[in-house]
Each structure stands twice: as structure tokens, then as C-alpha cells.
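Structure at a glance
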Amino acid sequence: DVKVTQSSRYLVKRTGEKVFLECVQDMDHENMFWYRQDPGLGLRLIYFSYDVKMKEKGDIPEGYSVSREKKERFSLILESASTNQTSMYLCASTGTGGLLTYEQYFGPGTRLTVT
Amino acid sequence: AQSVTQPDIHITVSEGASLELRCNYSYGATPYLFWYVQSPGQGLQLLLKYFSGDTLVQGIKGFEAEFKRSQSSFNLRKPSVHWSDAAEYFCAVGDANQAGTALIFGKGTTLSVSS
């Protein structure tokens, strides 16, 4: 089974702090994604990466950056956390080749609260 | 641009009753379609997927969905709901011409099950 893990289930940070959310997958997937989930808004794509050191902006990249130094790890960085970044953050990955690139496997999520 | 609409924000069904969750999509060509389920505090789990072929697809946990091109719909059904089915359900669409890109998710439908 594909396993996608996220470093923290719950995180509380202060406004202005630099925050790192880590995601690791164990299936040698090339594509990895970061979403944020808010009530009534569903999932919105922040960034995705299709290879090591490659990244693409999603729909709401402002205030975020990402890092992918190794294939299995995709990090989301909040350079200066703000209260409007309080949310559930979900990481996902997909396999390589054809239809496998569409099946997203999700981690358990990190619920971030910025105070 | 692709979009996914889940018209029902919240549905309550009695245990043992049948269930249908609605999903409509907007996409020019044949879409790739998915249903995911999210239990409270968890990540998303793939229930079923449609790429091509038979328009009635079977998934896990006794769920099925039917692709109707003429109605641009991909409704999720279950003949008899169990209390453990209470969760949030997301419909998603993928672009058949852009492998490896993110899915577009609907805003979700919360299912409550009454005894």
C-alpha cells in the first residue's frame, strides 16, 4: 500500500513564525501536491512538484513556498505565518505513467493553527 | 476551465436507507472522474474512479457511481448506508490531456447517518 505521511497532525504557531510542513511518500512517486482544505471551500491546490527540484504554482501560492530536494519528500513552507493560514493542509502523491498519474494518495493532514 | 459542483452541502440519511450524492462537472472533453471520502480528522481515501469504458463503476465499501455524459454527472450511490459511512465526500475531475497535474475537487458533501 502507498503510504503518505505528514510530520505533524496538529501544529500551533505564532504569527510571523516560519513554519515547515513535511510530507514523505514511500512509493517512489514523481508527482507530489500540497492542498489546503477549508470548510465550504473544498481542497485548493497550493503547489505541486513533478520531479526533484521542480515545482509549479497552484491556485493559491501566495504566502507559501515549497522544497523538493529528494524524490520522497515535499515540504511546504510558510515564510511568515499569518492567521489566515490557519487551515488543514493535505499532501498527496501520484504514481508515474499513464492513468497512474491521476490517482492521488493523501496523507492524514496537518491541522495548523496560527495565533 | 474545469469545475466540479456538488449541489448538496449536507445530507442526512437513515441507517439502512439508500444514498445518492450528486456531482456535476464542467469539462470540454471526456473527463477522468473520482470520488474520495474523508472521515473526521483524516486524509482523503479514494472510493472509486472512472477513466473510460463501462459507465457504472464499482468502488470500495459498497459504493458505486454512474457516469452520464449527457448530464455531465457522476453521482455516487450506495444501496444501504451504515453508520460508519458518515463522512465528507468529494468528487474530483482530472484533465485527460494533462497527466500528472492536480485534480479539481468539488467543495464536498457532508453525510450524516441517523439511527
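To be clear, the structure that these remarks concern was listed above.
Described below are features of the structure shown in this document. (Residues numbered from 1 in each chain as written. Chains lettered and ligands numbered in written order. Predicted model: local features only at pLDDT ≥ 70, side-chain atom pairs only at ≥ 80, totals over all residues. Heavy atoms only, no water.)

It is worth spelling out the overall build of chain B at this point. A count of helices and strands for chain B gives zero helices and 12 strands. Reading the helices (α) and strands (β) of chain B from amino to carboxyl end gives β-β-β-β-β-β-β-β-β-β-β-β. The C-alpha radius of gyration computed for chain B amounts to 14 Å, which stays within 12% of the reference 13 Å derived for 115 residues, consistent with globular compactness. Going through the 115 residues of chain B one by one, you find that 45% of them count as buried. Within chain B, contacts between residues at least 6 apart in sequence are counted, and of these 55% link residues at least 24 apart. When the accessible area of chain B is evaluated, it comes to approximately 5300 Å², of which 47% is carbon and sulfur surface. Counting 8 positive and 9 negative side-chain charges, chain B places the centres of these two groups 3 Å from one another. (Helix = DSSP H or I, 4+ residues; strand = E, 2+ residues; numbered from the N terminus. Rg over C-alpha atoms; globule rule 2.2 N^0.38 Å. Buried < 20%, exposed > 50% of the residue type's maximum accessible area, 1.4 Å probe, protein only. Contact = heavy atoms within 4.5 Å. Areas by Shrake-Rupley, 256 points an atom, 1.4 Å probe, with all protein chains shown as cover. Lys, Arg positive; Asp, Glu negative; His and termini not counted. Charge placed at Lys NZ, Arg CZ, Asp CG, Glu CD.)

Our focus in this paragraph is the interface of chain A and chain B. Counting residues at the interface gives 20 residues for chain A and 26 residues for chain B. Interface area, chain A with chain B, both sides summed: about 1800 Å², of which 59% is carbon and sulfur. For the pair chain A and chain B, the interface holds one salt bridge. For the pair chain A and chain B, the interface holds six residue pairs in polar contact (both at pLDDT 80 or more). For the side of chain A that touches chain B, the elements supplying multiple residues, two or more each, are strand 4 (31–38) and strand 5 (42–51) of chain A. Along the lines of polarity and charge, the residues of the side of chain A that touches chain B split into 11 nonpolar, seven polar and two charged. (Buried area = accessible area lost by both parts, 1.4 Å probe. Salt bridge = Lys/Arg side-chain N within 4 Å of Asp/Glu carboxyl O. Polar contact = N/O pair within 3.5 Å; in protein donor to acceptor, adjacent residues only side chain to side chain. Nonpolar A, V, L, I, M, F, W, Y, C, P; charged D, E, K, R; others polar.)

The next subject is the environment of B:G108. Structurally, B:G108 is set in the loop between strand 11 (104–105) and strand 12 (109–114). Every residue in contact with B:G108, bar those within four places of it in the chain, is listed here: B:Q6, B:D8, B:I9, B:E88, B:Y89 and B:F90.

Looking now at the nonpolar core. All names here are of chain B. Formed by 26 residues in total, the largest nonpolar core has its most connected members in L19, W35, L47, L48, F74, L76 and Y89. Looking at this core, the elements with two or more residues in it are strand 2 (10–14), strand 3 (19–21), strand 5 (32–38), strand 6 (44–50), strand 8 (64–68), strand 9 (73–78) and strand 10 (87–94). If one sorts the elements of this core by residue count, strand 10 sits on top with four residues. Once residues within four sequence positions are removed from consideration, L48 is found in contact with L33, F34, W35, V57, Q58, G59, F63, E64, A65, F74 and L76. (Core = buried A, V, L, I, M, F, W, Y, C linked by side-chain atoms within 4.5 Å.)

Once that is clear, we can look at the side chain of A:R68. Residue and element names in this part refer to chain A. In this fold, R68 is placed in strand 7 (residues 64–70). D51 provides the closest opposite charge to the buried, unpaired R68, separated from it by 5.9 Å. Separated by 3.0 Å, the side chains of R68 and S49 make a polar contact.

A few words on the sheet that holds strand 7 of chain A. All names here are of chain A. Taken together, the four strands give an open sheet; going across it, the order is 1-3-8-7, and neighbouring strands pair in antiparallel fashion. Two strands bound the open sheet, and with one partner strand each, they are strand 1 (4–6) and strand 7. Looking at each pair of strands side by side, their axes are set apart by 20 degrees on average, direction ignored. Note: strand 1 against strand 3 (residues 19–25), three bridges, orientation antiparallel. Within strand 3, the residue paired with V4 across the bridge is Q25. (Pairing = 2+ DSSP bridges. Axes fitted to C-alpha atoms, helices over the stretch in contact; angles between N-to-C directions.)

Another point: the side chain of A:S65. Residues and elements named next belong to chain A. Examined against the element boundaries, S65 turns out to sit in strand 7. Relative accessible area serves as the criterion here: at 15%, S65 is assigned to the buried category. In this structure the side chain of S65 is engaged in a polar contact, spanning 3.1 Å, whose partner is the side chain of E79.

Purely spatial values, then, with no claim about function.
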